[in-house]
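Understanding the architecture of this molecule
These are the residues of each chain, in order.
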Amino acid sequence: MTRAISAVKGMNDLLPSEVARWHALESTIRDVVQLHGYREIRVPVIEPTSLYVRSVGEGTDIVDKEMYSFVFHDEPLTVRPEGTAGVVRAYVEHAIHAKEPVSRLYYEGPMFRGERPARGRYRQFHQAGCEVFGDPGPLVDAEMIDMLVGLLRRLKIQNVEVVLNSLGGKGTKARYRERLVEFLEPKKDALSEDSKRRLQTNPLRILDSKDPKDQAVVADAPSILDVIDDDDRAHFDGLRRHLDRLGTPYSIDPRLVRGLDYYTRTLFEVRGQGGELGAQNALAGGGRYDSLVEELGGPATPAIGFAAGLERLLLATAAEPPRAHGPVLVAPLGERAQAEALVLGRELREAGVPTIVEGRGGSLKSMLRRANGLGSPVALVVGDGELDRGVVQLKDLAAHAQNDVPRSELVREVSALLAARAPGGAEGSAG
Ligand code: HAM
């Protein structure tokens, strides 16, 4: 046999048996965000590399080490590592700001980062994200965090923890950067090689370094909240007041900086526990990016957003056994019956009944084995005898019963039987 080809490391197939859970998750997320007035936007998976360099920022792990970048016909391109930059690019490119004062946008799809694969950390993963443009907050900041917590509650994810910080606006960020460099410079030799470099390029990144050497050094670093200016503090206090009123619990971590450069003011991360979630416990993260629209060529526009990792949400959610049954199987016995089986299959589908017509021929026994394998509730057998009598043999596989049904009654009868069995149907709710 020829050697088979495997998927790229860190990129997973989602087999049909898993997809039902994805659909359920995606539909819950869609319900929740639509209730809050978000509308879906779909942007390309590939963008100019410069978009991420200018937004996520040089000196971040994503831009320095993790991007799938390539040059195609002299154009440097990147397969998106995150969704915000592309949405901002589209917001500016289509002058959405000129059409509506506030935009609430939602997106979902695969993202790509060349990270070291582990449980909950993949090279192709999926995010659902929300972005609000044109609202300076802090009311909308609190509403967004509360929506996220409400979503996790609906997904029955336990032990959710919201961590908050404020980076302040541009002025505060610049002042803090200076304070941090002053603090770190004399301790430079104790830092990791990466962080020594970051001291020049991107000192804030040192705060979220995973290296224990760096963590020991930054443990006593000055806090952003000590240098924050009055407006930024009023914004942060406003957010906290709203969250308190909503009864949404949170803690404050003045060292939370998150791995992307575009953030200003509000920053948040939502962590979970339990299920199969391991060390990769950040379920969602986000924050305000009040300068990014302008930096990418649009008018000055305040903005805030977050993205949740769908794989991690699924790891944190207990798997429920699939409830839906498989399709009805139409089993033609002999050549004459095959054409009739095709017509029957089409009629059933037109009535909304998922149906597969067995096309491979074979014995009744082998067809019933196939029906069992598919989880079919019903098999419909048509042979020469049935054709002559104008009936179809209905095998109720769940009830181990069978009877001949007149061809003209069949679609109605199968539909009624399945409706009664459906969750909430006459038999479904009794059982
Ligand atoms: P992020 O924190 O980089 O933020 O990613 C958001 C979420 O995506 C994480 O909390 C995690 O659940 C999931 N995630 C990230 N990397 C991976 C990975 N390698 N494997 C599996 N899941 C992963 C952003 O991407 C920002 N764009 C969020 C945002 C939107 N900020 C403002 N608006």
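Here, the structure is the one placed above.
Residues numbered from 1 in each chain as written. Predicted model: local features only at pLDDT ≥ 70, side-chain atom pairs only at ≥ 80, totals over all residues. Heavy atoms only, no water.

With that out of the way, let us pick up the pattern of salt bridges. Following the criterion strictly, the structure yields 32 salt bridges and no others. Across the salt bridge formed by Arg205 and Asp261, the nearest N and O atoms sit 2.8 Å from each other. Here the residue Arg205 occupies a position in the loop between helix H8 (193-201) and helix H9 (212-218), and Asp261 occupies one in the loop between strand S8 (251-252) and strand S9 (264-271), the gap between them amounting to 56 residues. Classification of Arg205 by relative accessible area gives buried; the value is 5%. (Salt bridge = Lys/Arg side-chain N within 4 Å of Asp/Glu carboxyl O. Helix = DSSP H or I, 4+ residues; strand = E, 2+ residues; numbered from the N terminus. Buried < 20%, exposed > 50% of the residue type's maximum accessible area, 1.4 Å probe, protein only.)

A separate point is the packing of helix H6 (residues 139-154) against helix H11 (residues 230-246). In contact at an axis separation of 8 Å, H6 and H11 are set at 45° when each is read in the N-to-C sense. Put simply, H6 runs oblique to H11. In this structure, the crossing between H6 and H11 has a hand that is right-handed. Taken together, the residues of H11 that come into contact with H6 (itself represented by Leu139, Asp141, Ala142, Ile145 and Asp146) are His235, Leu239, His242, Leu243 and Leu246. In the contact of H6 with H11, the residues fall into six nonpolar, two polar and two charged. (Axes fitted to C-alpha atoms, helices over the stretch in contact; angles between N-to-C directions. Parallel < 35°, antiparallel > 145°, perpendicular 65-115°, else oblique. Left-handed = near helix turned anticlockwise from the far one by under 90°. Contact = heavy atoms within 4.5 Å. Nonpolar A, V, L, I, M, F, W, Y, C, P; charged D, E, K, R; others polar.)

With that settled, the discussion passes to the site of the ligand. By nearness alone, 27 residues border the ligand, and Glu82, Glu115, Glu131, Tyr263 and Ala282 come closest of all. Between Tyr262 and the ligand, the recorded distance is 3.0 Å, taken from a side-chain N or O atom to a nitrogen atom. With the chains in place, 96% of the 660 Å² that the ligand exposes on its own is no longer accessible. Here the residues of the shell around the ligand sort into 12 nonpolar, eight polar and seven charged. (Near = heavy atom within 4 Å. Polar contact = N/O pair within 3.5 Å; in protein donor to acceptor, adjacent residues only side chain to side chain. Areas by Shrake-Rupley, 256 points an atom, 1.4 Å probe, with all protein chains shown as cover.)

Viewed as axis vectors pointing N to C, helix H2 (residues 49-57) and helix H4 (residues 84-93) meet at an angle of 110°, and their least axial separation amounts to 9 Å. On the basis of the axis angle, H2 is roughly perpendicular to H4. Contact with H2, carried on its side by Leu51, Tyr52 and Ser55, involves Ala85, Gly86 and Arg89 of H4 and no other residues of that element. Taken together, the residues that form the contact of H2 with H4 break down as three nonpolar, two polar and one charged.

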